[in-house]
Amino acid sequence: MKKAIRYLVNDKNLIWFGENAFSHLKTFIAKGDYSSIFFVVDENTHDLCLPYLLQSLGDLPRCEVLEVEAGEDTKSPEVLVQLWMVMSELQADRHSLVINLGGGVITDLGGFLAGTYMRGLPFVNIPTSLLAMVDASNGGKNGINLAHYKNRIGLFQNPEAVCVIPDFLETLPEEEVRSGFAEMLKHGLIADAEYWKELIEFDIAEEVPTEEMIRKSIAIKQEVIDKDFREAGPRKVLNFGHTIGHAIESLSLETDSPLLHGEAIALGMITETHLSQKYAALSDPEAEEIRSVFEEIYQDVSFLAKAEDLMEVIQGDKKNRGDELRFTLITQIGNGVVDVPVSKEDIIEALKLTKILA
Ligand SMILES: NC(=O)c1ccc[n+]([C@@H]2O[C@H](COP(=O)([O-])OP(=O)(O)OC[C@H]3O[C@@H](n4cnc5c(N)ncnc54)[C@H](O)[C@@H]3O)[C@@H](O)[C@H]2O)c1
Ligand SMILES: O=C(O)C(=O)C[C@@H](O)[C@H](O)[C@H](O)COP(=O)(O)O
Ligand SMILES: [Zn+2]
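Small disclaimer: the values here were computed from a predicted structure and weren't measured. (Residues numbered from 1 in each chain as written. Chains lettered and ligands numbered in written order. Predicted model: local features only at pLDDT ≥ 70, side-chain atom pairs only at ≥ 80, totals over all residues.)

Here we look at the overall build of the protein
Note the following rule: Labels follow the DSSP assignment, with helices taken as runs of H or I lasting at least four residues and strands as runs of E lasting at least two, numbered in each case from the N terminus. Only C-alpha atoms enter the radius of gyration; for comparison, a globular chain is expected to reach 2.2 Å times N to the power 0.38, where N is the number of residues. Placing a C-beta atom from the backbone of each residue, one calls two residues in contact when those atoms lie within 7 Å.
Secondary structure summary: the protein contains 14 helices and eleven strands in total. In summary, the protein has a C-alpha radius of gyration of 20 Å against a globular reference of 21 Å for 358 residues, a match within 12%. If one aligns the C-alpha atoms of the protein with their principal axes, the spans along those axes are about 60 × 40 × 35 Å. Put simply, 74% of the contacts in the protein that link residues at least 6 apart link residues at least 24 apart.

Section: the site of ligand 2
Put simply, the rule reads: Residues are counted as near a molecule or strand when the C-beta atom, derived from backbone positions, lies within 6 Å of that molecule or strand. Three classes are used, and their members are as follows: Ala, Val, Leu, Ile, Met, Phe, Trp, Tyr, Cys and Pro are nonpolar, Asp, Glu, Lys and Arg are charged, and the others, Gly among them, are polar. An automatic or database domain assignment supplies the residue ranges for each domain.
Inspection of the region around ligand 2 gives Asp135, Gly139, Lys141, Lys150, Asn151, Glu183, Arg235, Leu238, Asn239, His242 and Lys318 as its neighbouring residues. Residues of the shell around ligand 2, tallied by class, amount to one nonpolar, four polar and six charged. Here the shell around ligand 2 gathers at least three residues from each of two domains, domain 1 (6–171) and domain 2 (188–353).

A short note on the pairing of strand β5 (residues 96–102)
This is how the line gets drawn: Burial in this document is a count-based property: other C-beta atoms within 10 Å of a residue's C-beta are tallied, and the residue is buried at 20 or more, exposed at 12 or fewer, or partly exposed in between, with C-beta positions derived from the backbone. Two strands make a pair as long as DSSP finds a minimum of two bridges between them. Handedness of a crossover is defined as follows: orient the strands so they point away from the viewer, and if the path from the first strand over the helix to the second runs clockwise, the crossover is right-handed.
Of all seven residues in β5, seven are buried, a share of seventy percent or more. Alternating positions in β5 separate into two faces, Ser96, Val98, Asn100 and Gly102 on one and Leu97, Ile99 and Leu101 on the other, with burial throughout. Across five bridges, the pairing between strand β3 (residues 36–42) and β5 is parallel. Bridge assignment links Ile37 to a residue of β5, and that residue is Leu97. Pairing between β5 and strand β6 (residues 123–127): five bridges, direction parallel. Bridging from a neighbouring strand, Asn100 pairs with Asn125 of β6. Handedness of the crossover joining β5 and β6 through helix α5 (residues 104–116): right-handed.

Let's talk about the site of ligand 1
Ligand 1 sits among 32 residues. The nearest are Asn44, Gly103, Gly104, Val105 and Ser129. Among the elements of the structure, α2 (43–48), α5, α6 (130–136) and α7 (174–191) are those that each provide at least two residues to the shell around ligand 1. Residues of the shell around ligand 1, tallied by class, amount to eleven nonpolar, twelve polar and nine charged.

Side note on the UniProt feature "domain: 3-dehydroquinate synthase C-terminal" (unreviewed entry) in the protein
Keep this limit in mind: UniProt positions are given in the numbering used here, feature names are shortened, and annotations may be inferred rather than shown by experiment.
What UniProt calls "domain: 3-dehydroquinate synthase C-terminal" (unreviewed entry) maps, in this numbering, to residues 180–320. The distance separating the terminal C-alpha atoms of residues 180–320 is 26 Å; by composition the span is 65% helix and 0% strand.

Quick notes on the domain arrangement of the protein
When the domains of the protein are assigned, the result is domain 1 (6–171) and domain 2 (188–353). Between the C-alpha centres of domain 1 and domain 2 the distance comes to 26 Å. Between domain 1 and domain 2, the residue contacts involve 23 residues of the former and 24 residues of the latter. Going through the elements one at a time, β2 (14–17), α6 and β8 (149–156) are the ones with two or more residues in the side of domain 1 that touches domain 2. A per-element tally of the side of domain 1 that touches domain 2 places α6 first, with five residues. The residue makeup of the side of domain 1 that touches domain 2, split by class, is twelve nonpolar, seven polar and four charged.

Some points on the UniProt feature "domain: 3-dehydroquinate synthase N-terminal" (unreviewed entry) in the protein
UniProt's feature table lists "domain: 3-dehydroquinate synthase N-terminal" (unreviewed entry) at residues 66–178, given in the numbering used throughout. Structurally, residues 66–178 comprises 34% helix and 29% strand, and the distance from its first C-alpha atom to its last is 28 Å.

Details of the packing of helix α13 (residues 307–315) against helix α14 (residues 344–353)
So the rule is basically this: Angles run from 0 to 180 degrees between N-to-C directions of axes, and those axes are lines fitted to C-alpha atoms, restricted for helices to the stretch in contact. In what follows, roughly perpendicular refers to angles from 65 to 115 degrees, roughly parallel to angles under 35, roughly antiparallel to angles over 145, and oblique to any angle outside these ranges. What makes a crossing left-handed is the near helix being turned counterclockwise from the far one by less than a right angle; a clockwise turn instead makes it right-handed.
Where α13 meets α14, the axes come as close as 11 Å, and the angle between the chain directions of the two elements is 125°. It follows from the interaxial angle that α13 and α14 lie oblique. Between α13 and α14 the crossing geometry is right-handed. In this structure, α13 contributes Ala307, Leu310, Met311 and Ile314 to the contact, and α14 contributes Lys344, Ile347, Ile348 and Leu351. For the contact of α13 with α14, the per-class residue count stands at seven nonpolar, no polar and one charged.

What about the nonpolar core?
Going by this rule: Each nonpolar core reported here comprises buried Ala, Val, Leu, Ile, Met, Phe, Trp, Tyr and Cys residues connected via C-beta atoms within 7 Å.
Counting residues in each nonpolar core, the largest one holds 105 residues, and the members touching the most others are Leu101 and Cys163. Once residues lying within four places of it in the same chain are set aside, the contact partners of Leu101 are Phe39, Val40, Val41, Thr45, Cys49, Leu50, Leu53, Ile106, Ile126 and Thr128.

Here's the deal with the packing of α7 against helix α8 (residues 193–200)
Where α7 meets α8, the closest approach of the two axes is 6 Å, and the angle between their N-to-C directions is 145°. In terms of crossing hand, the pair formed by α7 and α8 is left-handed. Contact with α7, carried on its side by Met184, Leu185, His187, Gly188 and Leu189, involves Tyr195, Trp196 and Leu199 of α8 and no other residues of that element. Its residues placed into classes, the contact of α7 with α8 shows six nonpolar, two polar and no charged.

What follows is the structure in structure tokens.
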């Protein structure tokens, strides 16, 4: 494994890579003189990741482990209230540190927990899924879902540090690796045509992305966020595929076969590629290339819904303004554009082309 490189992401947020991340974290904890540490984990990261982390960190202040059920349903107000109660009962105080060890569900939920308890405790993210490494653990978006609206309640608050330890991917199921890969493909599409080329030559069915690729995705995301942390404008580019994808994900969670975030976003990107042709002058050959890449990798992923159900969720998307439905689209591979008003009729047409409408 490569030597860990620590680099400053912004005035608060440090990212440490590889095995040396543990020694950086140890030093960080020692310097912080924390009264206690609250680890937020789900049942899988509790069993598969926490023992390695604890062993690597050695002596620590008083530790408590908050374990939640794995899965998207855990990003809920009900679970959050339970966690607030437990933190309070266990006397977490302003000198406590929260360490989120898990996938995007844990970093989103644990970040929001930390950010709201006693008006904000410091927290560190240790992503253990590919999706959380390349996307969810960075950028300071934390939150939970409300009814069928994704991330409806949340905060922009950066972790003190992020530890990206690719070794954790050894136990990650294949479908979860593929889910994370969808966000990496998104990074190529919105910002870097060369990276897109590299990704589409990579065989995600056979291999796990390298640390270099993970770094590249983080760097692309970070460059966007440096310009617009609170998503006033340019940050919306990171939402390509998400207006449709979030609607699909939310509705799928109400069925017996929920889609993973990256799977839903893959379907969202296929659909929004149709819209990009119509509204953002994306060329036909590039649109064909994009769709064939997603259709090949995610060939077994499908979802059927009624237009009115999807439109209800789409109309609640955070990027809309009033009645105007605003999308992030791509003008060409490697370049995204934000705030494009799109008609309801064209959304339905694009959903039909993607075979999502029942
Ligand atoms: N805040 C952001 O910027 C941002 C960005 C992208 C996605 N998200 C959110 O992230 C969530 C999806 O994240 P996710 O895909 O990581 O889902 P997840 O947290 O549910 O993790 C996926 C599954 O993998 C398991 N897992 C995690 N690490 C493992 C490991 N090392 N070994 C074995 N199993 C492991 C988990 O227990 C879970 O079952 C969604 O809620 C999405 O909205 C947030
Ligand atoms: O960091 C961002 O900004 C993103 O949009 C990254 C997305 O991949 C991620 O799914 C994010 O949680 C979406 O946020 P939301 O604001 O659309 O709920
Ligand atoms: Zn996403």
